[in-house]
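Below are the chains, spelled out letter by letter.
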Amino acid sequence: MEKTLVLLKPSCVQRQLIGEVVNRFERRGLRIAGMKMMQLDDDILREHYAHLVSKPFFPTLAASMKASPVVALALEGIDAVQVVRTMTGATNGRAAAPGTIRGDYSMSNQQNIVHASDSVENAAIELRRFFKDGEIFEYKSGAHEFVYGADEC
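Some remarks on the overall build of the protein chain
No. 1: Each helix and strand counted, the protein chain has 8 helices and 4 strands in total.
No. 2: Beginning at the N terminus, the succession of helices and strands in the protein chain can be written as β-α-α-β-α-α-β-α-α-β-α-α.
No. 3: Taking 2.2 N^0.38 as the reference for a compact globule, 153 residues should give roughly 15 Å; the C-alpha atoms of the protein chain span a radius of gyration of 15 Å, in line with that estimate.
No. 4: For the protein chain, the C-alpha atoms occupy an extent of roughly 50 × 35 × 25 Å along the three principal directions.
No. 5: Counting across all 153 residues of the protein chain, residues that qualify as buried make up 46%.
No. 6: For the protein chain, the proportion of contacts with a sequence separation of at least 24, taken over those separated by at least 6, is 75%.
No. 7: Here the protein chain holds 18 positive side-chain charges and 19 negative ones, and the gap between their average locations is 7 Å.

Rendered as structure tokens:
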């Protein structure tokens, strides 16, 4: 099974959408392998957004991500990275399709509710960044056999 990282951003936390967004992932059949609330600081933001640190908008992005705690999720499922990316929709909420998380809850490129890993490789890196050893759990979901066909796992 593949694992991926999702961060419920301050725009999700402040708008009290945590339960709705988590519910969507669970209803789809993804298993929560880890979940915690945390306050991000400059160090982790500079590491996480290393590719954006030199951009003029980075200070605004960093301030936005520190506006409140975030909820970090480790989600697991077959093709979890792609499933989650499809569910989250386009980065800019105004361009995201209705039915996606951003399409249903966001009108912004920055205040766009969630971060989702963009590849299997980055998911592994990001999961290590946000979860310590022992914070991601292996267990069998009772719904597993009703989420996937016997020949899919």
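Comments concerning unusual backbone geometry
What is expected of a backbone is that most residues other than glycine have negative phi and most peptide bonds are trans.
No. 1: With phi around 55°, D79 is a residue other than glycine that occupies positive phi space.
No. 2: In this structure D79 comes out as partly exposed when scored by relative accessible area, which is 46%.
No. 3: Phi is positive for I113, which is not a glycine, with a value near 75°.
No. 4: Looking at the secondary structure, you find I113 in the loop between α6 (101-105) and β4 (114-116).
No. 5: Taking relative accessible area as the criterion, I113 reaches 0% and is therefore assigned buried.

Here's the deal with the nonpolar core
What tends to happen in soluble globular proteins is that the nonpolar side chains get buried as a cluster.
No. 1: One finds L8, V21 and F25 to be the most contacted residues of the largest nonpolar core, which totals 22 residues.
No. 2: Secondary-structure elements contributing two or more residues to this core are β1 (2-8), α1 (10-14), α2 (18-28), β3 (70-77), α5 (80-88), α6 and β4.
No. 3: A per-element tally of this core places α5 first, with 4 residues.
No. 4: Ignoring anything within four residues of it in the chain, the contact list for L8 reads V13, I18, V21, V22, V70, V71, L73, I113 and V114.
No. 5: Counting residues in each nonpolar core, the second largest holds 19 residues, with Y49, A72, L127 and F130 among its members.

Criteria and cut-off values
Starting afresh in each chain, residues are numbered from 1 along the sequence in its written order. For a predicted model such as this one, the threshold for reporting local features is a pLDDT of at least 70, and the threshold for listing and counting side-chain atom pairs is 80 or more; totals across whole chains, interfaces and linings nevertheless cover every residue. Excluding hydrogens and water, the side-chain values take into account all heavy atoms of the structure. Labels follow the DSSP assignment, with helices taken as runs of H or I lasting at least four residues and strands as runs of E lasting at least two, numbered in each case from the N terminus. Radius of gyration: C-alpha atoms only; globule rule: 2.2 Å multiplied by the number of residues to the exponent 0.38. With a 1.4 Å probe rolled over the protein chains alone, any residue whose accessible area is under 20% of its type maximum counts as buried; one over 50% counts as exposed, and the rest are partly exposed. Every residue pair with non-hydrogen atoms within 4.5 Å of one another is taken to be in contact. His is not counted here, nor are the chain ends, while Lys and Arg score as positive and Asp and Glu score as negative. Where a charge lies is defined by one atom per residue type, namely NZ (Lys), CZ (Arg), CG (Asp) and CD (Glu). Residue types Ala, Val, Leu, Ile, Met, Phe, Trp, Tyr and Cys, when buried and joined through side-chain atoms within 4.5 Å, form a set referred to as a nonpolar core.

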